[in-house]
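Chain and residue survey
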Amino acid sequence: MLGSDFKALGVVRSLGRRGIPCVVIDDLPRSAWYSRYVGTRFRWSGAMWGPAFVQFLVELASNHGLRDCVLLPLQDEVVELVARSHASLSGHYRLVTQDWDRLRWAHDKRLVRQVSGELGIPYPRTWIPAGLDDLAQMEITYPAIIKPAISIRLQYAIGRKVLPVHSRRELLEQYRFASSIIDPQVLMVQETIPGNGGNQFSVGAFCKDGQMVAALTARRTRQYPVDYGLASTFVEAIEIPELLEPARRLIARLGLSGLVEVEFKRDARDGADKLLDINLRPWGWHTLCIACGLDFPYMQYLDAIGERVEPVLPRYGSRWRRLVTDVPAAWQEIRAGITTPARYLRSLPGATVASVIDMADPLPAVADLAVTLRRAVHRGRTGRAPIADEPASSPVHASVPSA
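Residues numbered from 1 in each chain as written. Predicted model: local features only at pLDDT ≥ 70, side-chain atom pairs only at ≥ 80, totals over all residues. Heavy atoms only, no water.

1. A few points about the packing of aromatic side chains
One pass over the structure, following the stated rule, counts six aromatic pairs. Here the aromatic rings of tryptophan 283 and tryptophan 285 are separated by 5.8 Å at their centres, their planes lie at 55 degrees, and the arrangement is tilted. Classification of tryptophan 283 by relative accessible area gives buried; the value is 1%. Ring pairing ties together the aromatic residues Trp44, Phe53 and Phe56, which thus form one cluster. Across the ring face of tyrosine 298, the terminal group of arginine 18 is positioned such that the distance to the ring centre comes to 3.8 Å. Above the face of the phenylalanine 6 ring, arginine 322 is positioned so that its terminal group lies 4.0 Å from the ring centre. (Phe/Tyr/Trp six-rings, centres within 6.5 Å; stacked < 30°, edge-to-face > 60°. Buried < 20%, exposed > 50% of the residue type's maximum accessible area, 1.4 Å probe, protein only. Lys NZ or Arg CZ within 6 Å of the ring centre and 35° of its normal.)

2. Here we look at helix α1 (residues 6-16)
In terms of burial, α1 is a largely internal element, 11 of the 11 residues being buried. Residues Phe6, Lys7, Ala8, Leu9, Gly10, Val11, Val12, Arg13, Ser14, Leu15 and Gly16 constitute the buried set of α1. (Helix = DSSP H or I, 4+ residues; strand = E, 2+ residues; numbered from the N terminus.)

3. A word on unusual backbone geometry
The step from tyrosine 142 to proline 143 runs through a cis peptide bond, and the omega angle for that step is 0 degrees. The topology assignment puts proline 143 in the loop between α7 (132-136) and β6 (144-148). Look at the link from tyrosine 224 to proline 225: it is a cis peptide, with omega at -10 degrees. In this fold, proline 225 is placed in the loop between β10 (211-224) and β11 (231-237). Non-glycine residue aspartate 68 carries a positive phi angle of around 75 degrees. In this fold, aspartate 68 is placed in the loop between α2 (51-63) and β3 (70-71). When its relative accessible area of 47% is taken as the criterion, aspartate 68 is described as partly exposed. One non-glycine residue with positive phi stands out, namely aspartate 209, at about 50 degrees.

4. Structural notes on the sheet that holds strand β12 (residues 258-266)
Strand order across the open sheet formed by seven strands is β13-β12-β9-β10-β11-β14-β15, with mixed pairing between neighbours. Unpaired on one side and paired on the other, β13 (273-279) and β15 (352-354) mark the two borders of the sheet. In this sheet, adjacent strand axes meet at a mean angle of 30 degrees when their direction is disregarded. Of the pairings in the sheet, the one linking β10 to β11 comprises five bridges and is antiparallel in character. The residue bridging tyrosine 224 from the neighbouring strand is alanine 231, located in β11. (Pairing = 2+ DSSP bridges. Axes fitted to C-alpha atoms, helices over the stretch in contact; angles between N-to-C directions.)

5. Looking at a nonpolar patch on the surface
Taken together, the side chains of Leu323, Val327, Ile357 and Met359 present a nonpolar region at the surface, about 430 Å² in accessible area. Here methionine 359 lies in the loop between β15 and α15 (363-382). When its relative accessible area of 73% is taken as the criterion, methionine 359 is described as exposed. (Patch = residues over 30% accessible without salt bridge, like charges linked within 9 Å, V, L, I, M, F, W, Y side chains within 5 Å. Areas by Shrake-Rupley, 256 points an atom, 1.4 Å probe, with all protein chains shown as cover. Salt bridge = Lys/Arg side-chain N within 4 Å of Asp/Glu carboxyl O.)

6. Quick look at the sheet that holds strand β7 (residues 163-165)
Read from one edge of the open sheet, four strands run β5-β8-β6-β7, paired in antiparallel fashion. For this open sheet the edge positions go to β5 (126-127) and β7, each flanked by a neighbour on one side alone. Strand direction decides the pairing type here: β5 and strand β8 (residues 187-191), joined by two bridges, are antiparallel. Bridged to tryptophan 127 within β8 is valine 189.

7. Concerning the side chain of serine 31
Relative to the assigned elements, serine 31 resides in the loop between β1 (22-26) and β2 (38-43). Classification of serine 31 by relative accessible area gives buried; the value is 1%. For serine 31, the side chain forms a polar contact with the main-chain nitrogen of phenylalanine 6, separated by 3.4 Å. Filtering out sequence-adjacent residues up to four positions away, serine 31 remains in contact with Ser4, Asp5, Phe6, Leu9, Val356, Pro364, Ala367 and Asp368. (Polar contact = N/O pair within 3.5 Å; in protein donor to acceptor, adjacent residues only side chain to side chain. Contact = heavy atoms within 4.5 Å.)

Everything listed is a geometric property; what it means functionally is a separate question.
Quick look at the structure:
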């Protein structure tokens with residue numbers, strides 16, 4: 001596992017309970033680091049991307065008996081690194097990440113927009129300026145957001161995925177600010193789809209060579225921050241069959257394999273479910289899928305070692321909650337008039353999967369709370385999250401590889 005956050009913890013618990021040895025590598029020990037199911041831990045000093053980290057992984061395989069282990073990246077930037085370093089790493093590990101020529105079509109939001117247009121899948125109206133002068137000539141619909149097409153440096157720099165804009169003056173100011181942090185060539189402007197978490201949905205799936213083997217639909221009811229969330233905090237497994245077909249067509253067109261989450265938001269203005277994003281790694285609430293009968297980490301592991309993965313139908317009705325962020329998310333919703341204290345309290349009972357808390361594996365919850373408090377203190381002192389280096393982005397190409 002390349003990473004040790006709560007997403008990694010879900011993978012570790014899934015595999016560890018089956019007696020599959022788990023090794024965790026991270027630059028900052030987080031919840032999964034302290035799980036009873038982790039047998040070996042390696043601390044990396046520095047950002048987990050770039051040639052130095054690739055060389056570190058190669059040396060681990062050679063010097064610590066990790067050759068032919070399944071290598072599973074948990075963060076977007078590490079997914080990109082493994083995809084770009086596919087040739088270097090494939091001789092040492094069993095990779096579940098496809099090579100960059102394939103993966104970038106789902107990883108780069110500019111290319112996702114292109115493919116969605118070819119398939120007729122609704123997508124938010126998007127503008128891709130060549131620079132500030134080009135942006136000044138565009139007729140932008142407000143409210144809108146500025147976001148990077150591929151990089152997460154904006155998130156590391158200011159703790160937000162996007163920059164909201166409500167006027168032309170704000171647009172130009174925020175674009176200048178974003179350009180001072182990341183390469184302006186990867187910046188996009190996108191219309192804001194109205195609605196809250198009740199309009200946000202996902203398809204979580206395990207895929208093989210563009211075929212959806214098993215899938216579940218869910219509503220991402222709450223997120224934090226409440227406006228443009230970094231992550232979901234409360235997710236409900238509900239059956240939304242109309243989302244499966246566009247997700248299936250997208251996965252088939254891109255020829256994707258492995259764990260895939262396809263995010264949509266329902267636009268109340270026209271009723272269309274508009275494609276927002278594609279994640280090619282375990283997503284935050286993937287343990288909800290396990291509770292519904294779809295153990296995606298185990299499916300990924302079986303496929304990586306050459307075993308056949310049988311199709312499975314989900315059992316709907318369970319929910320997932322990340323309490324450490326769901327409480328502040330609910331408070332933001334209450335202050336914004338989106339929900340009420342009584343309505344939030346009614347969402348607490350029922351069959352709910354916790355993101356971290358497990359009495360049979362208690363230490364990760366303590367570590368998770370400590371990391372959350374540390375980040376809160378850091379943001380309180382500096383007003384932003386730590387800035388990290390980012391990998392270089394690649395140019396956009398015009399044709400999608402065949403599935």
